[in-house]
Amino acid sequence: MPITVKSPREIELMTEAGRILEIVHNELGKALYPGMTTKEIDELGEEIIRSYDCIPSFLDYNGYPASICVSVNDEVVHGIPSPHRFIREGDIVSLDAGVIYKGYHSDAARTHGIGRISKEAEELIRVTRECFFEGIKYAREGNHLFDISAAIGRYAESRGFGVVRDLCGHGIGTALHEAPEIPNYEMNRKGVLLKAGMTLAIEPMINIGGWEVDWLDDDWTVVTRDHSLSAHYENTVLITENGPKLLSLTDTSEI
Ligand code: MF3
Ligand code: CO
């Protein structure tokens, strides 16, 4: 599949999809408390998404059974919400969500600490976020796609963290996953030239320990092989003539 360049009208719709997803994440972030179940997080997320006349894009995607991926501690991504799984003080919880607004997708993830968390966990969450911002420094017309990848990987490794290699970011638009794949580590080729109008979901997944991961028997949940903590941070990004525009993060006090 070729990489799509979006028209102004499509960009308008994706901008709205991103804005709504930002609200979903802000609301979910505020709602977390020790003792909440991961299923309650999912239900609240779905309710907020639907209240904006959007569709939760993850629900039934390749059979995924929920609207929000909730991944706790050593779970990297795609944790399945459960009424039996309680989040606790000291946990780190990655929330990944996607919405469809009038046929257009946005995709974003945040990692939250529950109550007081360890210094190491705090650093992991911060560095994962910083990896994203390092990466998007290169998300400019005329650069190559894998400039973003290399910047993310370099930054994480300079902090001694492991970079997940089995999962990547991706193009996004009328489908959740469009071309191209966006690795979070250095490639030995350059990747495509970036053009204004491309929309990319850039999503570093970073581990305190090694990069290796395993899939649990539920066929979804990805965990770190060494059971070290893992964090995830993602936004839907538009390449413009003036650099990257974050569609799922407009509150600049956040940057
Ligand atoms: N945000 C995830 C991604 O970018 C999507 C979750 S997969 C799903 O690939 F099945 F849960 F939808
Ligand atoms: Co994604």
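Quick note: structure is the one above.
Bear in mind that the values here come from a model prediction, so they are computed numbers and not experimental data.

> Mind laying out helix H4 (residues 145–158), listing which residues take part and the relevant values?
Residues spaced three or four apart along an α-helix point in a common direction, a consequence of the helix completing one turn every 3.6 residues. Helix length check: H4, at 14 residues, gives a terminal C-alpha distance of 21 Å against a target of 20 Å (1.5 Å per residue), a fit within 8%. Burial analysis of H4 places 10 of its 14 residues in the buried class, which makes it a mostly covered element. Taken together, the buried positions of H4 are Leu-145, Phe-146, Ile-148, Ser-149, Ala-150, Ala-151, Ile-152, Gly-153, Tyr-155 and Ala-156. Looking one or two residues beyond H4, the residue adopting positive phi is Gly-160, at roughly 80°.

> Residue-level account of the pattern of salt bridges, with values.
Counted by the stated rule, this structure contains 9 salt bridges. Close ionic contact of Glu-12 with Arg-9 constitutes a salt bridge, the shortest N to O distance being 2.7 Å. A residue pair is termed a helical-turn pair when its members lie 3 or 4 positions apart in one helix, as Glu-12 and Arg-9 do in helix H1 (residues 8–31) at 3 residues. Arg-126 serves as the salt-bridge partner of Glu-130, at 3.4 Å between the closest nitrogen and oxygen. Here Arg-126 and Glu-130 lie together in helix H3 (residues 119–136), a separation of 4 residues that amounts to about one turn. In this structure Glu-130 comes out as partly exposed when scored by relative accessible area, which is 26%.

> Outline the site of ligand 1, listing residues and values.
Surveying the vicinity of ligand 1 reveals the residues Phe-58, Tyr-61, Tyr-64, Cys-69, His-78, Asp-96, Asp-107, His-170, His-177, Glu-203, Trp-220 and Glu-234. Between ligand 1 and His-170 there is a distance of 2.8 Å, counted from an oxygen atom to a side-chain nitrogen or oxygen. Side-chain polar atom of Glu-203 to an oxygen atom of ligand 1: 2.7 Å apart, as the coordinates give it.

> Just give me the short version of the nonpolar core, but keep the residues and values in it.
Core analysis: the largest hydrophobic core is formed by 35 residues, its most contacted members being Ile-41, Ile-87 and Leu-95. Among the secondary structure elements, those contributing two or more residues to this core are H1, helix H2 (38–51), strand E2 (68–72), strand E4 (92–101) and strand E5 (104–113). A total of 7 residues in this core trace back to one element, the largest contributor, which is H1. What Ile-87 contacts, discounting residues up to four positions off in sequence, is Leu-32, Tyr-33, Pro-34, Gly-35, Met-36, Thr-38, Ile-41, Val-72, Val-93 and Ile-114. Cys-131, Leu-194, Ile-202 and Leu-249 belong to the second largest nonpolar core, which has 32 residues in total.

> How would you explain the packing of H3 against H4 if you had to name every residue and give the values?
The contact between H3 and H4 brings their axes to 8 Å, and the two run at 150°. Relative to H4, H3 is oriented roughly antiparallel. At the point where H3 passes H4, the crossing takes the right-handed sense. Counted together, Val-127, Glu-130, Cys-131, Glu-134 and Gly-135 of H3 and Ile-148, Ala-151, Ile-152, Tyr-155 and Ala-156 of H4 form the full contact between these two elements.

Cut-offs used in this document
Think of each chain on its own: its residues are numbered from 1, step by step along the sequence as written. Chain letters start at A and ligand numbers start at 1, both assigned in the order the entries are written. pLDDT decides what is reported in this predicted model: residues at 70 or higher carry local features, side-chain atom pairs at 80 or more are listed and counted, and totals for whole chains, interfaces and linings draw on all residues regardless. Excluded from the side-chain calculations are hydrogens and water; all other atoms, namely the structure's heavy atoms, are used. Only DSSP runs of H or I with at least four residues qualify as helices, and only runs of E with at least two residues qualify as strands; both kinds are numbered from the N terminus onward. Expected span of a helix, by definition, is 1.5 Å for each gap between consecutive residues, and there is one gap fewer than residues. Here the term buried applies to any residue with accessible area under 20% of the maximum for its type, exposed to any over 50%, and partly exposed to those in between, with areas from a 1.4 Å probe on protein chains only. Each reported salt bridge corresponds to a side-chain nitrogen of Lys or Arg within 4 Å of a carboxyl oxygen of Asp or Glu. Residue proximity to a molecule or strand is established when one non-hydrogen atom of the residue lies within 4 Å of it. Here a polar contact is recorded for every N or O atom pair within 3.5 Å, except that within protein the pair must consist of a potential hydrogen donor and a potential acceptor, and residues adjacent in sequence are included only if both atoms are side-chain atoms. Note on terminology: a nonpolar core comprises buried Ala, Val, Leu, Ile, Met, Phe, Trp, Tyr and Cys residues joined through side-chain atoms within 4.5 Å. Throughout, a contact is declared for two residues whenever any of their heavy atoms are within 4.5 Å. Throughout, an axis means a line fitted to C-alpha atoms (over the contacting stretch in the case of helices), and angles, computed between N-to-C directions, take values from 0 to 180 degrees. Just so you know how the angles are binned, under 35 degrees is roughly parallel, over 145 roughly antiparallel, 65 to 115 roughly perpendicular, and the rest oblique. Crossings are sorted by hand: turned counterclockwise from the far helix by less than a right angle, the near helix makes the crossing left-handed, and turned clockwise it makes it right-handed.

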